[in-house]
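Working through the structure, step by step
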Amino acid sequence: MDLTAVRAELEQVVRESDAAIAALVHDDEDVEMDEADVSSEMTEADREEALAEAAEERRTEALAALARLDAGTYGFCVDCGKPINEERLSFRPEAARCLEDQQAHEEREG
């Protein structure tokens, strides 16, 4: 596995996440709206908030993966310590867990 390429890809994930967060987070303007406009605005705001949260989570995961790269633990599951499948890492370079432990983590988290 080319760790230099992995680092570049993770740094790109951080940059893209930063850009997405910046584009989604904006100041609300005080504008008079009717009920339909308010409802529509709330729905759009909820969608933007969910997208910003997802981008922030991916950014956090990428930064953690970069820290694992620096520590020499990248590519090993943070739970069991076994190597993470290279196919999984190529698809999701910020992955911290092997597939089995990721599934167990998601079940615990609900």
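In case you missed it, the structure is sitting above this.
Just so you know, these numbers come straight off a predicted model, no measurement behind them.

Reading the values: the criteria
Residues numbered from 1 in each chain as written. Predicted model: local features only at pLDDT ≥ 70, side-chain atom pairs only at ≥ 80, totals over all residues. Heavy atoms only, no water. Helix = DSSP H or I, 4+ residues; strand = E, 2+ residues; numbered from the N terminus. Expected span 1.5 Å × (residues − 1). Buried < 20%, exposed > 50% of the residue type's maximum accessible area, 1.4 Å probe, protein only. Arc of directions from axis to C-beta. Polar contact = N/O pair within 3.5 Å; in protein donor to acceptor, adjacent residues only side chain to side chain. Core = buried A, V, L, I, M, F, W, Y, C linked by side-chain atoms within 4.5 Å. Contact = heavy atoms within 4.5 Å. Salt bridge = Lys/Arg side-chain N within 4 Å of Asp/Glu carboxyl O.

Points about helix α1 (residues 3-24)
Along its 22 residues, α1 runs 31 Å from first to last C-alpha, staying within 8% of the 32 Å computed at 1.5 Å per residue. Here α1 has its buried residues at Val6, Leu10, Val13, Val14, Ser17, Ile21 and Leu24. Along the long axis of α1, the arc covered by the buried residues comes to 105 degrees, so they all point the same way. Facing away from the buried side of α1 by over 90 degrees, the exposed positions are Thr4, Ala22 and Ala23. The distance from a side-chain oxygen at the start of α1 to the backbone nitrogen of Thr4 is 3.1 Å, and the residue carrying that oxygen is Asp2.

A short note on the nonpolar core
In a soluble, globular protein the nonpolar side chains are often hidden away together inside. Grouped together as the largest cluster of nonpolar side chains are 14 residues, with contacts concentrated most on Val6, Leu10, Ala62, Leu66, Leu69, Tyr74 and Leu89. Put simply, the parts of the chain that give this core at least two residues each are α1 and α2 (35-71). Setting aside residues up to four positions removed in sequence, Ala62 forms contacts with Leu10, Val13, Val14 and Glu94.

Some thoughts on the environment of Glu86
Inspection of the secondary structure puts Glu86 in helix α3 (residues 86-91). Note: C-alpha distance between Glu86 and Met1 (85 residues apart in sequence) is 7.8 Å.

Here we look at the pattern of salt bridges
As enumerated under the stated definition, the model contains seven salt bridges in all. For the salt bridge of Asp79 with Arg97, the shortest nitrogen-to-oxygen distance reads 2.9 Å. With Asp79 in the loop between α2 and α3 and Arg97 in the loop between α3 and α4 (99-109), this pair connects stretches of sequence that are 18 residues apart. By relative accessible area, Asp79 is classed as partly exposed at 41%. Looking at Arg97, the relative accessible area reads 17%, which means it is buried. With a closest N to O distance of 3.0 Å, Arg92 and Glu94 form a salt bridge. The class of Glu94 is buried, set by a relative accessible area of 3%. Overlapping salt bridges bring together Arg58, Glu61, Arg92 and Glu94 as one network.

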